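Structural features, examined
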Amino acid sequence: MTAKAILTDTTLCIGCELCVEACRREYKLGEDKPRPWKMRIDDLSATRYTTIVRRPGSRFIRLQCRHCRQPACVSVCLVGAMQKTPEGPVIYDPNRCIGCRYCMMACPYGIPRYDWDKPVPFVRKCTLCYARLGQGREPACVEACPTKATIFGARDDLVAEAHRRIRESPGKYIDKVVGETEIGGTSVIYISDIPLDFLAWSPGLDRTPLPDLTWVALSKVPPMVLGVGGVMAGLWWIIDRRVKLAEHKEPEHKAPEHKEPEKKT
Amino acid sequence: MSTRRHVLKTILWAIMGVLAVVTVVRFLRGLGATTALTDVTPWGFWIAFDVMSGVALAAGGFVLAATFYIFHMEAYHPFTRPAILTAFLGYIAVAVGIMYDLGLPWNIWHTIFFPQFRSVLFEVAMCVMLYLTVLALEFSPVILEHRWFNRPPFTAIYALLRKATIPLVITGIVLSSLHQSSLGSLFLIAPYRLHPLWYSPIIWILFLVSAIGLGLMMVTAESFFSSWMFGHRLRMNQLAGLGKAASVVLFLYATLRLGDLAVRGTLGSAIDGSWQGNLFLFELVLGALLPATLLAFRGVRNSPAGLAASAAMTVLGTIGYRFDVCIVAFYRPEGMSYFPSWMEVAVSLGIVAGAVLVFIFFVERLRVYPEEHESGEHGEEARPSPGPVFNPGTVRALLPLSLAAPRFYSIAFVGAAAAAIGIISGNVLHADPSVHTPVSAARTLDGVVGPPTGGHLRDVRVLQKDIPVPDGYKAMPLLMINGNRDDRLVLFSHDLHITKFGGLPSCVKCHHENLPFDKNTTCDKCHRDMYNTTDTFRHASHVAKLGGEKGCVRCHRDTNQVKDRATATACSKCHADVPSQETVVKPKEGTKKGVAAGYMDAMHGLCITCHRQMVQQSPKEYGPDFARCANCHRDFDATQLLRMGPYAEEARRK
């Protein structure tokens, strides 16, 4: 199956929050309540998988999980509760999760949210309506958008469409498709007339996918096992042999000071 | 038992009492009720202290095992058993700490059954589990030496374990160096999130080297503890040797860290005076540079005070490093702050207290310090004597105290538990973490109120100095209140509301002293179209109810007109009676049913109507701007309009 994606054109967004409502209805999320850990009532939360942030000058930018092509959250999950599907969505299996929240630490966009107020908590985030995609339907937020500011389709087509829009209206957009290549690309891409650097923890995302960074360290594990183990075993053998030889040579002088190591522990 | 140990145990049991209470709250009410963690700071004190620092503090085990078993440094034999016990208990403490921090700790076994080889955390988890097993095997001979196990099946296991010592030690060293470093690798995934002072491509080397340095110093610290607690003599020669080694390792660590910063060109941000830079310097100087320098002098190494001070500095500094990486490096300027709740600290302290109690228990009953129990055992067989470990005479002499002790401990435990229950807030116990939004205090203004106009609106104005009270207007005090707890202040005439509701007995209509956190009814209970998070009118739910896009014409009847609120069908056409069932406002004369004037109408009725009249009456004096929206709604912007009334700014200034 071809990889799907969402393209959000922030110049078309009027901030009506129909997408937020549609998401709320689709997943029966309930009301947003002020909570100590929430910065703003309209921030993403365990009861709000997508939201609209306002920027100066009546600009509205819809936030949701970016569904990275090489997701950090999937690579860090130690039980495989986060999975990248071939269709594009990054989905979450609550039955696998152990609740370590490493995905929340790893996400470069700070997307996953947690059920802090529940004794049996899960990670909450947009799943790009994976279940709906299986039925051949669009994600609920896309279906709800009255201005077609957010559209759904094959990722390649949408990237082409984004470039076409930028090309056809020179000066209207910043010449950049946000999410095309950063950290390996995302399945939710944006075009905008204002800089969208604030969407990530820090501006200037590199092309290198984040999982590659930890893989550098992880790939050193087998050599480290062999290296450390080998060196330690070798050292022990050499030193042990020396000690024994020394004992053997001068037994009457050294015996009272040296002891058999095995006897001690 | 010495009084000192008695007092320490009493304190530790008291901490355990607090832990017991917090444990119940943690697992009954969840993480949100017990911790200060947030969506932007999902890892906090438990990860930084229990896991990151705990693992590093337990590094003495593998460092000492290598020193004694691999490098055959016989002089360090007396340190081996306590170091392995400290490591073993330290790792158990880490495991227990993780159980508190995990959201779904009962799923921990998933780690083994759903392995993910690309996850650093998986590697850490497997190494910690395996190393805990290795430590248990390394320590079990000490337990098997107890007289209870001096019988056939156990003696065979004992012999086998003794033979497996060297392979176990090597496995332990491999596993330790793997996960000590991998705890650092965990942070490689977040280059855009960690502060550049702490994000480093070689963070895993830094973690490993600092853990080795800390391990050496922890063995020293542990020696001081046992000499203080059990009266064991300090072996200054060996401790000086450990100090010398630690000095080298800590210098290496400091060089690596500074060199790494220099190579990445971020050395400047360490000395730019920012609080992160200062914290970095503090942690590096305290944890590495200062103790390494001190320990480089023979005089310091050979003095107990110098060694103890260096050990304390290294321990604090390295814990500081772990805290900085885990918590401080994630701080963001835009108000994302995390400070642990007392319950988080209580859990961590409680776990440490439990570990220390078990340590004392083992030392009291097992040959953790073999040389202390049997002096001159050099020529003896290492297998223990069959009799009890401690001298029966000593036990008999201390019998009254031993009997009294459990009673003391129980009292401490129960007392502390009761105190903990006392200070846990009601919100936590009732699992209601919703925030009580504070209400800005009302301000009293002198105002005038116009005559009744037949409807529910009355002209309410702030009395101005130069303008006399107009005819028919009555002067009365007005309140500027934060009626909906949203900092949109409104002018509120308390007197008029009392009159309207029927005098003083009507207070209860708004003031409900019996409701928790909600002493008075918010304005929007009567003034129905005041908005909370959105306008009362929910377009989305109407679209859904009326059948999606086909339903537009139900309200926007004329398709040729612009679809907005002004041209849409009035709400009362459909909702003729809904609001009035809940409103306490009497129906307007001659109309069907009444609704209190809406927020916007009320506000605009108060201000803009009058402004317009004034502009009409004397256009030269006031000018057209006087009747414009921006006159009150400063910084006019469509989104700002929804959020800010004209007095908000003034209220904030106050």
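Model, not experiment: these values are computed from the prediction. (Residues numbered from 1 in each chain as written. Chains lettered and ligands numbered in written order. Predicted model: local features only at pLDDT ≥ 70, side-chain atom pairs only at ≥ 80, totals over all residues.)

Some details on the overall build of chain A
A count of helices and strands for chain A gives nine helices and nine strands. Out of the 265 residues in chain A, the part that is buried amounts to 43%. Residue pairs in contact within chain A that sit at least 24 positions apart in sequence constitute 61% of those at least 6 positions apart. (Helix = DSSP H or I, 4+ residues; strand = E, 2+ residues; numbered from the N terminus. Buried ≥ 20, exposed ≤ 12 C-beta atoms within 10 Å, placed from the backbone. Contact = placed C-beta atoms within 7 Å.)

Some details on the overall build of chain B
Helix and strand counts for chain B come out as 31 helices and four strands. Within chain B, buried positions represent 36% of all 654 residues.

A closer look at the sheet that holds strand E9 (residues 188-191) of chain A
All names here are of chain A. Taken in spatial order, the three strands make up an open sheet running E8-E1-E9, and their pairing is mixed. Two strands bound the open sheet, and with one partner strand each, they are strand E8 (150-154) and E9. Averaged over all neighbouring strand pairs, the angle between strand axes comes to 25 degrees, with direction disregarded. In this sheet, E9 lies alongside strand E1 (residues 4-9) in parallel orientation, the contact comprising four bridges. Its bridge partner being in E9, Thr 8 is matched across the sheet by Tyr 190. Where helix H6 (residues 155-168) meets the sheet, it contacts E1, E8 and E9, and its direction lies at approximately 20 degrees from that of E1. (Pairing = 2+ DSSP bridges. Axes fitted to C-alpha atoms, helices over the stretch in contact; angles between N-to-C directions.)

Things to note about the nonpolar core
Counting 199 residues, the largest nonpolar core has Cys 73, Val 76, Cys 77, Cys 103 and Ala 106 of chain A together with Leu 121 of chain B as its most contacted members. In terms of residue count, the dominant contributor to this core is helix H10 (residues 203-230) of chain B (13 residues). If sequence neighbours within four positions are ignored, Cys 73 of chain A has contacts with Met 82, Val 90, Cys 103, Ala 106, Cys 107 and Pro 112 of chain A. (Core = buried A, V, L, I, M, F, W, Y, C linked by C-beta atoms within 7 Å.)

Side note on the interface of chain B and chain A
Opposite the 65 residues of chain B that make contact, chain A presents 70 residues. At eight residues, helix H9 (residues 165-185) of chain B tops the list of elements feeding residues into the side of chain B that touches chain A. Broken down by class, the residue content of the side of chain B that touches chain A amounts to 37 nonpolar, 20 polar and eight charged. (Nonpolar A, V, L, I, M, F, W, Y, C, P; charged D, E, K, R; others polar.)

Notes on unusual backbone geometry
Residues and elements named next belong to chain A. Positive phi is not limited to glycine here, since Lys 28 has a value of about 50 degrees. Take Lys 28: it is sitting in the loop between helix H1 (18-26) and strand E2 (51-55). By the C-beta count within 10 Å, which is 7 here, Lys 28 ends up exposed. Not every positive phi belongs to a glycine, and His 67 is a case in point at roughly 50 degrees. We classify His 67 as buried; it has 29 C-beta atoms within 10 Å.

Some thoughts on the domain arrangement of chain B
As assigned here, chain B comprises domain 1 (36-340), domain 2 (443-606) and domain 3 (616-654). Computed from C-alpha atoms alone, the centre-to-centre distance between domain 1 of chain B and domain 3 of chain B is 61 Å. (Domains from an automatic or database assignment.)

Some points on the environment of Asp 32 of chain A
Residue and element names in this part refer to chain A. Following the sequence through the fold, Asp 32 ends up in the loop between H1 and E2. Judged by the 19 C-beta atoms lying within 10 Å of it, Asp 32 falls in the partly exposed class. Between the C-alpha atom of Asp 32 and that of Asp 93, which follows or precedes it by 61 residues, the distance is 23 Å.

Re the domain arrangement of chain A
Domain assignment breaks chain A into domain 1 (4-216) and domain 2 (221-263). Here domain 1 of chain A and domain 2 of chain A have C-alpha centroids that lie 58 Å from each other.

A few points about the confidence of the model for chain B
All names here are of chain B. Looking at chain B, pLDDT values average 78 and 74% of them are 70 or higher. The model gives residues 590-595 a pLDDT under 50, and that stretch makes 16 contacts with residues more than four places away or in other chains. In the predicted structure, residues 634-654 sits below a pLDDT of 50 and forms 24 contacts with residues beyond four places in sequence or in another chain. Under the prediction, the complex receives an ipTM of 0.89, its pTM being 0.74. (pLDDT = per-residue confidence, 0-100.)

Considering the packing of helix H3 (residues 45-57) of chain B against helix H5 (residues 77-101) of chain B
All names here are of chain B. Where H3 contacts H5, the two axes come as close as 9 Å, and the packing angle between them is 165 degrees. Classified by the angle their axes make, H3 and H5 are roughly antiparallel. Between H3 and H5 lies a crossing of left-handed hand. Here H3 contributes Trp 46, Ile 47, Asp 50, Val 51, Gly 54, Val 55 and Leu 57 to the contact with H5, which in turn contributes Gly 90, Ala 93, Val 94, Gly 97, Ile 98, Tyr 100 and Asp 101. Split into classes, the residues belonging to the contact of H3 with H5 amount to nine nonpolar, three polar and two charged. (Parallel < 35°, antiparallel > 145°, perpendicular 65-115°, else oblique. Left-handed = near helix turned anticlockwise from the far one by under 90°.)

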